[in-house]
Amino acid sequence: MTRALITGITGQDGLYLAELLVSKGYEVFGLIRGQNNPKYDLVRQTVPGVTLLTGDLTDVSSLVRVLAAAQPDEVYNLGAISFVAYSWENASLTSDVTGKGVLNVLEATRLYAATTTSEVRFYQASSSEMFGKVQQVPQTEATLLWPRSPYGVAKVFGHYMTINYRESYGMHASSGILFNHESPRRGPEFVTRKVSQAVARIKLGLKDEIVLGNLDAKRDWGFAGDYVEAMWLMLQQPEADDYVIATGKTHSIRDLLAAAFAAAEIDDWERYVRQDERFMRPAEVDLLVGDASKARERLGWKPRVDFESLVGMMVENDLAEQSALVR
Ligand code: G4F
């Protein structure tokens, strides 16, 4: 039975990846922070059979202990402070967790790998946020990185540290440069879920407006369930490498609003939307669109869910969830 350790298992991607690996017959271990983590039950209910081990990305000794207990063949490092807006207010903490945390997991994996004869494979969740002020359209694995947020800077550190461990120690360490990926499991602080929840509440007469920041930013949005398959595929390759994972299509926040209101059969969406400085960022990533040709050619990966279906899926889920709350 192949054994996998997932950091960040309580998040959207961690849950989808755990489900995927369990369906493939893996024994799955998840790193979880704190003895009384409120998300403990969520993981147990969503993916029964996963073993949760306590540890912290900022504490390398706890990671050494977790690696020794899990004895994984594959390590997926998804754990991070992942909300970009928060990273300006907590730049130091974000650097520690999202940046140095990667080094801690790499080092714990290297130390653990030295105790076993089998190869331990490592996946790092890099991000399109690293492209920031984009230097090329669309963005590929070779595009110059120009991060625009403390989160993006921390991700660049983790990305290059992963490459450095691959080159210094011959580790099978791969980095997935994932563009925005969403689902009904997305946290409500991210714009897609904020919009799908608000649209559902407006449709049900529970709310009369949605307050947002920049409506002109453009993102390449895919479905998280498709993207975790790419993570797994990367670790099944004979050689470790870096891959852009994206749909190749970009949409503005306005397009997102139009699609979400249309999914709820509301035409005149503009009258429900208000902009507020509070949600503007000190530096914006204006345009992201990825070229995933390398992943398509070498991994045989392609996205299955398009933008309209993704938004429709999220609005439908939130309509059901919000209706159940008022019943
Ligand atoms: O949904 P967002 O917060 O996602 P963002 O910043 O692109 O980051 C996400 O994707 C990255 C991949 O590129 C990940 F690395 C990262 O961890 C995270 O998953 O914001 C998307 C866009 C931004 O341009 C933001 O300014 O939406 C704009 N926006 C406009 N109004 C808003 C809002 N974003 C949020 N969260 N809330 C608003 O009210």
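Quantities reported herein were computed from a predicted structural model and do not represent experimental measurements.

Enquirer: Explanation requested: the pattern of salt bridges in the structure shown.
Expert: In a structure, side chains of opposite charge can pair up when their charged atoms sit close to one another. For the structure shown, the criterion picks out 17 salt bridges. Salt-bridge contacts for arginine 166 lead to aspartate 242; the nearest nitrogen and oxygen are separated by 3.0 Å. Here arginine 166 is found in helix α6 (residues 150-169), whereas its partner aspartate 242 is found in strand β11 (residues 242-245), with 76 residues between them in sequence. For arginine 166, a relative accessible area of 17% translates into the label buried. Judged by its relative accessible area of 9%, aspartate 242 is buried. One salt bridge connects arginine 186 with glutamate 182, and the closest N-O pair in it is separated by 2.7 Å. A relative accessible area of 14% places arginine 186 in the buried class. Exposure remark for glutamate 182: the relative accessible area of 2% places this residue in the buried category. Each of Glu209, Arg274, Asp276 and Arg278 takes part in one network of salt bridges that share partners.

Enquirer: For this particular structure, what's the right way to read the environment of valine 66?
Expert: You can see valine 66 is positioned in helix α3 (residues 60-70). The spacing of valine 66 and threonine 46 is 20 residues in sequence and 22 Å in space, taken between C-alpha atoms. Not counting the four nearest positions on each side in its chain, valine 66 is found in contact with Leu5, Leu31, Leu53, Thr54 and Gly55.

Enquirer: I tried to follow the domain arrangement of the protein chain on my own but got confused; where do I start?
Expert: Interfaces are often sized by the amount of accessible area the parts lose when they come together. What the domain assignment lists for the protein chain is domain 1 (3-182 + 222-245) and domain 2 (191-219 + 250-287 + 305-325). Note on domain 1 versus domain 2: buried area summed over both sides is about 1,200 Å², and carbon and sulfur give 62% of it. Per-residue buried area on domain 1 facing domain 2 is highest for Trp88, Arg148 and Glu182; these three make up 40% of the total on that side. For the pair domain 1 and domain 2, the number of links is zero salt bridges. Where domain 1 meets domain 2, there are three residue pairs in polar contact (both at pLDDT 80 or more).

Enquirer: Sorry if this is basic, but what is going on with the site of the ligand here?
Expert: As a structural note, the neighbourhood of the ligand is formed by 24 residues, with Ser127, Ser128, Tyr151, Arg281 and Glu284 the closest of them. Between the ligand and the protein, one listed contact pairs an oxygen atom with a side-chain N or O atom of arginine 219 at 2.8 Å. When the ligand sits alone it has 720 Å² of accessible area, and the protein chains cover 96% of it. Its residues assigned to classes, the shell around the ligand comprises 11 nonpolar, six polar and seven charged. A domain split of the shell around the ligand shows at least three residues from each of domain 1 (3-182 + 222-245) and domain 2 (191-219 + 250-287 + 305-325).

Enquirer: Whenever I open this one, the environment of leucine 178 confuses me. Can you help?
Expert: By the secondary structure assignment, leucine 178 is in strand β6 (residues 172-178). Measuring from C-alpha to C-alpha, the distance between leucine 178 and glutamate 74 comes to 19 Å, with 104 residues separating the pair along the chain.

Enquirer: Explanation requested: the packing of aromatic side chains in the structure shown.
Expert: Any two aromatic rings considered together are summarised by their centre-to-centre distance and by the angle between their planes. Tallying each qualifying case throughout the model produces eight aromatic pairs. For the pair phenylalanine 83 and phenylalanine 190, a centre-to-centre distance of 5.4 Å together with 80 degrees between the ring planes defines the contact as edge-to-face. Here phenylalanine 83 is found in the loop between β4 (74-77) and α4 (86-89), whereas its partner phenylalanine 190 is found in the loop between β7 (181-182) and α7 (191-203), with 107 residues between them in sequence. Residues phenylalanine 131 and phenylalanine 179 carry aromatic rings whose centres are separated by 5.9 Å and whose planes lie at 35 degrees to one another, so their mutual orientation is tilted. A residue pair is termed long-range when its members are at least 10 positions apart, and phenylalanine 131 in the loop between β5 (121-127) and α6 and phenylalanine 179 in the loop between β6 and β7 qualify at 48 residues. With respect to burial, phenylalanine 131 and phenylalanine 179 carry one shared label: buried. Directly above the ring of tyrosine 169 sits arginine 110, whose terminal nitrogen or CZ lies 4.5 Å from the centroid.

Enquirer: Teacher, can you tell me more about the packing of helix α5 (residues 91-113) against α6 here?
Expert: Each pair of packed helices gets described by two things: the angle between the helix axes and the distance between those axes. Close contact between α5 and α6 brings their axes to 8 Å; oriented N to C, the two are set at 15 degrees. Here α6 runs roughly parallel to α5, going by the angle between their axes. Our pair here, α5 against α6, has a crossing hand that is right-handed. Residues Ala91, Thr94, Ser95, Thr98, Gly99, Lys100, Val102, Leu103, Leu106, Glu107 and Arg110 of α5 touch α6, and the partners they reach there are Pro150, Tyr151, Ala154, Lys155, Phe157, Gly158, Met161, Thr162, Tyr165 and Tyr169. In terms of residue class, the contact of α5 with α6 is built from 11 nonpolar, six polar and four charged.

Enquirer: What should I look at first to understand the pairing of strand β2 (residues 27-32) in this one?
Expert: Residues in a regular strand project their side chains so that they alternate between the two faces of the sheet. Among the six residues in β2, five count as buried, and that is most of the element. The sheet contact formed by strand β1 (residues 3-7) and β2 spans five bridges and is parallel. Counterpart to isoleucine 6 in the pairing with β2 is glycine 30. Across four bridges, β2 lies against strand β3 (residues 51-54) in parallel orientation. Residue pairing in the sheet places leucine 31 in a bridge with leucine 53 of β3. One crossover worth recording links β2 to the parallel β3 by way of helix α2 (residues 40-46), and it is right-handed.

Cut-offs applied
Counting of residues starts from 1 at the beginning of each chain's written sequence and follows it residue by residue. For this predicted model, a pLDDT threshold of at least 70 governs which residues receive local features, and a threshold of 80 or more governs which side-chain atom pairs are given and counted, while totals over whole chains, interfaces and linings are taken from all residues. The side-chain numbers reported here are obtained from all heavy atoms of the structure, hydrogens and water having been left aside. By salt bridge we mean one thing: a side-chain nitrogen of Lys or Arg within 4 Å of a carboxyl oxygen of Asp or Glu. Note on conventions: DSSP H or I runs of at least 4 residues are helices, E runs of at least 2 residues are strands, and numbering of each starts at the N terminus. Only protein chains enter the accessibility calculation, which uses a 1.4 Å probe; a residue whose area is less than 20% of its type maximum is buried, one above 50% is exposed, and one in between is partly exposed. Throughout, a residue-residue contact means that at least one pair of heavy atoms, one from each residue, lies within 4.5 Å. What counts as a domain boundary in this text is fixed by an automatic or database domain assignment. Defined in terms of a 1.4 Å probe, buried area is the accessible area two parts forfeit on being brought together, summed over both. For the purposes of these results, a polar contact is taken to be a pair of N or O atoms within 3.5 Å, where, inside protein, one atom must be able to donate a hydrogen and its partner to accept one; residues adjacent in sequence count only when each atom of the pair is a side-chain atom. The rule for a residue being near a molecule or strand is that one of its heavy atoms must lie within 4 Å of it. Only the protein chains shown count as covering a residue, and every accessible area follows the Shrake-Rupley method with a 1.4 Å probe. Under the scheme applied here, ten amino acids are nonpolar (Ala, Val, Leu, Ile, Met, Phe, Trp, Tyr, Cys and Pro), four are charged (Asp, Glu, Lys and Arg), and all others, including Gly, are polar. Centre distance within 6.5 Å is the pairing criterion for rings of Phe, Tyr and Trp, where only the six-membered ring of Trp is used; planes under 30 degrees apart are then read as stacked, over 60 as edge-to-face, and the remainder as tilted. A ring has a charge above it when a Lys NZ or an Arg CZ is no more than 6 Å from the ring centre and no more than 35 degrees off the ring normal. Axis lines are fitted through C-alpha atoms, for helices just across the contact stretch, and the angle between N-to-C directions can take any value from 0 to 180 degrees. Note on terminology: angles under 35 degrees are roughly parallel, angles over 145 are roughly antiparallel, angles of 65 to 115 are roughly perpendicular, and the others are oblique. With the far helix as reference, a near helix turned anticlockwise by less than a right angle produces a left-handed crossing, and one turned clockwise produces a right-handed crossing. Two strands pair if DSSP finds at least two bridges between them. Look down the strands so they point away from you; if going from the first strand over the helix to the second traces a clockwise path, that crossover is right-handed.

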